[in-house]
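Secondary and tertiary structure notes
Now for the letters of each chain:
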Amino acid sequence: MSIRVTTDIPHGNVADVEIVERDGISEVLFSAHPNGGTEALWFCFRVTIEGNEIPDTVRLTLRHPDTLLGSPRSEKVRPVIRRSDQDWERINPGLDTELPDGRWTVSWDVENPSTTLDMAFCYPYGKDELHATLRDIAGVFRPD
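Keep in mind that this is a model prediction, so the values were computed, not measured.

Side note on the sheet that holds strand S5 (residues 57–63)
Spatially, S2-S3-S5-S9-S8 is the arrangement adopted by the five strands of the open sheet, whose pairing is mixed. The open sheet has two edge strands with one neighbour each: strand S2 (15–22) and strand S8 (95–98). In this sheet, adjacent strand axes meet at a mean angle of 25° when their direction is disregarded. Here S5 pairs with strand S9 (residues 104–111) via seven bridges, running antiparallel. When the sheet's bridge partners are listed, Arg-59 is paired in S9 with Asp-109.

With respect to the packing of aromatic side chains
Tallying each qualifying case throughout the model produces four aromatic pairs. Their ring planes at 55° and their centres at 4.7 Å tell us that Phe-30 and Phe-45 sit as a pair that is tilted. Highlighted residues: Phe-30 in strand S3 (residues 25–31) and Phe-45 in strand S4 (residues 44–50), separated in sequence by 15 residues. Each of the two residues, Phe-30 as well as Phe-45, counts as buried. Seen from their ring centres, Phe-43 and Phe-121 are 5.6 Å apart, and the 50° between their planes marks the pair as tilted. You can see Phe-43 sitting in the loop between S3 and S4 and its partner Phe-121 sitting in the loop between strand S10 (116–120) and helix H1 (127–136), a full 78 residues away along the chain. Put simply, the rings of Phe-30, Phe-43, Phe-45 and Phe-121 pair up and form one aromatic cluster.

The rules we used
- Residues numbered from 1 in each chain as written.
- Predicted model: local features only at pLDDT ≥ 70, side-chain atom pairs only at ≥ 80, totals over all residues.
- Heavy atoms only, no water.
- Pairing = 2+ DSSP bridges.
- Helix = DSSP H or I, 4+ residues; strand = E, 2+ residues; numbered from the N terminus.
- Axes fitted to C-alpha atoms, helices over the stretch in contact; angles between N-to-C directions.
- Phe/Tyr/Trp six-rings, centres within 6.5 Å; stacked < 30°, edge-to-face > 60°.
- Buried < 20%, exposed > 50% of the residue type's maximum accessible area, 1.4 Å probe, protein only.

Given below as structure tokens:
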């Protein structure tokens, strides 16, 4: 089994990726990329699991959550995931872990991850989704 992470999906954004095996769990550690800004606004990436065996659980661990815009504590950070092109679903709050130097991470355990697993800080809305929403609420808002 091998795991790789890519941003080759719409709205892809991730940095500082590391994949480790820890206590029998495949863990993907990552950071949100600020793309030249002072704070990161989002993360969105795809985890691909290749090989015959898919792990029961994949742990996704956000490094440097304090650099995200808004409240970074785990009870406020509830990303969405999508397994193998199914619908997006909001996941439960993660687990904060304080590191020995005072920094901290937030982790989410995703059970039954399938061969591809997309994760995003919020539902990834692009131009197509924006235009569909504007059509659905015709007259309430307009693009400027």
